[in-house]
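Next come the chains, spelled out residue by residue.
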Amino acid sequence: MMRKHKKKLNKNLGQFLAARLDNGELIKGCLIYKHGSPFTYILTDENIDRMIVDDDGNCKCKFVRVMSKDIREFYER
């Protein structure tokens, strides 16, 4: 059985702004990055709301590919 989790990203994980690779639009979310990898992604609040986790703990969610040179930490006031 597939379950859908609805929750906001944990602010303690850190929020980042970056430009989407496909259209340059700035997006905010959690940074997904591995040192040495040519790819960098962001998991947005909207996409985490659509995340599906099955009974075995397998996760299906959509990451947005972003430009590595444009990443900056986001602080809410």
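Residues numbered from 1 in each chain as written. Predicted model: local features only at pLDDT ≥ 70, side-chain atom pairs only at ≥ 80, totals over all residues. Heavy atoms only, no water.

## Describing the pairing of strand β2 (residues 15-19)
The element β2 is extensively covered by neighbouring structure, given that five of its five residues are classed as buried. Looking at chain direction, β2 and strand β8 (residues 72-74) are connected through three bridges and run antiparallel. Bridged to Gln-15 within β8 is Phe-74. Turn length for the β2-strand β3 (residues 26-33) hairpin, with the two strands adjacent in sequence and antiparallel, is six residues, and the turn residue Gly-24 shows positive phi of about 80 degrees. (Buried < 20%, exposed > 50% of the residue type's maximum accessible area, 1.4 Å probe, protein only. Helix = DSSP H or I, 4+ residues; strand = E, 2+ residues; numbered from the N terminus. Pairing = 2+ DSSP bridges.)

## Quick word on the environment of Arg-20
If you trace the backbone, Arg-20 turns up in the loop between β2 and β3. With a relative accessible area of 21%, Arg-20 lands in the partly exposed category. A sequence separation of 46 residues divides Arg-20 from Val-66, and the C-alpha atoms of the two residues are 4.4 Å apart. Setting aside chain neighbours within four positions, we find Arg-20 in contact with Glu-25, Ile-27, Val-64, Arg-65, Val-66 and Met-67. At 2.8 Å, the side chain of Arg-20 and the side chain of Asp-22 are in polar contact. (Contact = heavy atoms within 4.5 Å. Polar contact = N/O pair within 3.5 Å; in protein donor to acceptor, adjacent residues only side chain to side chain.)

## Observations concerning the pairing of β3
Two elements, β2 and β3, share four bridges in a ladder whose sense is antiparallel. Along β3, the bridge assignment pairs Phe-16 with Gly-29. Looking at chain direction, β3 and strand β4 (residues 40-43) are connected through four bridges and run antiparallel. Of the residues in β4, the one forming a bridge with Cys-30 is Leu-43.

## Digging into the confidence of the model for the chain
For the chain, mean pLDDT is 83; residues scoring 70 or higher make up 82% of the total. For the chain, the element scoring lowest by mean pLDDT is strand β1 (residues 2-4), at 55; strand β7 (residues 64-65) scores highest, at 94. (pLDDT = per-residue confidence, 0-100.)

## Details of the packing of aromatic side chains
As enumerated under the stated definition, the model contains two aromatic pairs in all. A centroid spacing of 6.5 Å and a plane angle of 35 degrees characterise the contact between Phe-39 and Tyr-41, whose relative ring orientation is tilted. Accessibility expressed as a relative area gives 34% for Phe-39, which makes it partly exposed. The interplanar angle of 45 degrees and the centroid separation of 6.1 Å between the aromatic rings of Tyr-41 and Phe-63 together place this pair among those described as tilted. Of the two residues, Tyr-41 sits in strand β4 while Phe-63 sits in the loop between β6 (59-60) and β7, which places them 22 residues apart along the sequence. Of the residues examined, Tyr-41 reaches a relative accessible area of 25% and is grouped as partly exposed. Since its relative accessible area comes to 36%, Phe-63 is described here as partly exposed. Every member of this aromatic cluster is reached through a ring pair, and the members are Phe-39, Tyr-41 and Phe-63. (Phe/Tyr/Trp six-rings, centres within 6.5 Å; stacked < 30°, edge-to-face > 60°.)

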